[in-house]
Amino acid sequence: MYSKQLVSREELKIQLKENLRRINSILNEDHPFHLPFHIGLHCGVRVGEVCGLEWKHINFEEMTLEVEQQLIGTRMKTVKYNGNLDLQNRKLVIELFPLVMP
């Protein structure tokens, strides 16, 4: 049976919009964290999952990003989505939308 745990914003480490705006203003396109920051922000993946991404996880034809592993400490761990809401064992396929460049 699923039991809902009450956790605080601090325990979830959810950032305020103002903090995200501040980080975004610092991370210009030349910064090494620019792309990982935006993948995490816009795709809703965790830091370890962003760090676990490899080129093989991007399907440019189908415009998808597959999250199937994460970096834990200094080692890669493959995690599988088992169909439940068990977020510790998940595999995600995220649809990507093309950016409109000015």
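The coordinates are above.
Below, the structure is looked at part by part. (Residues numbered from 1 in each chain as written. Predicted model: local features only at pLDDT ≥ 70, side-chain atom pairs only at ≥ 80, totals over all residues. Heavy atoms only, no water.)

**Some thoughts on the overall build of the protein**
At step 1: When helices and strands are counted, the protein shows four helices and five strands.
At step 2: The order of helices and strands in the protein, counted from the N terminus, is α-α-α-α-β-β-β-β-β.
At step 3: Residue burial in the protein is summarised as follows: out of 102 residues, 20% are buried.
At step 4: For the protein, long-range pairs separated by at least 24 residues make up 32% of all intrachain contacts whose partners lie at least 6 apart in sequence.
At step 5: For the protein, the accessible area works out to roughly 8700 Å², and carbon and sulfur atoms hold 58% of it. (Helix = DSSP H or I, 4+ residues; strand = E, 2+ residues; numbered from the N terminus. Buried < 20%, exposed > 50% of the residue type's maximum accessible area, 1.4 Å probe, protein only. Contact = heavy atoms within 4.5 Å. Areas by Shrake-Rupley, 256 points an atom, 1.4 Å probe, with all protein chains shown as cover.)

**Topic: the sheet that holds strand β5 (residues 92-95)**
At step 1: In space, the three strands of this open sheet follow the order β1-β2-β5, with antiparallel pairing throughout. Only two strands of the sheet have a single neighbouring strand rather than two, namely β1 (58-59) and β5.
At step 2: Relative to strand β2 (residues 64-67), β1 runs antiparallel, the two being bridged by two bridges. Directly across from N59, in β2, lies its bridge partner T64. (Pairing = 2+ DSSP bridges.)

**What to know about the packing of helix α2 (residues 17-26) against helix α3 (residues 34-43)**
At step 1: Remark: α2 packs on α3, axes separated minimally by 10 Å, with the N-to-C direction vectors making an angle of 150 degrees. The angle between the axes of α2 and α3 places the two elements in the roughly antiparallel class. Where α2 crosses over α3, the two elements pack in a sense that is left-handed. Residues L20, I23 and N24 of α2 touch α3, and the partners they reach there are F37, H38 and L41.
At step 2: The residue makeup of the contact of α2 with α3, split by class, is four nonpolar, two polar and no charged. (Axes fitted to C-alpha atoms, helices over the stretch in contact; angles between N-to-C directions. Parallel < 35°, antiparallel > 145°, perpendicular 65-115°, else oblique. Left-handed = near helix turned anticlockwise from the far one by under 90°. Nonpolar A, V, L, I, M, F, W, Y, C, P; charged D, E, K, R; others polar.)

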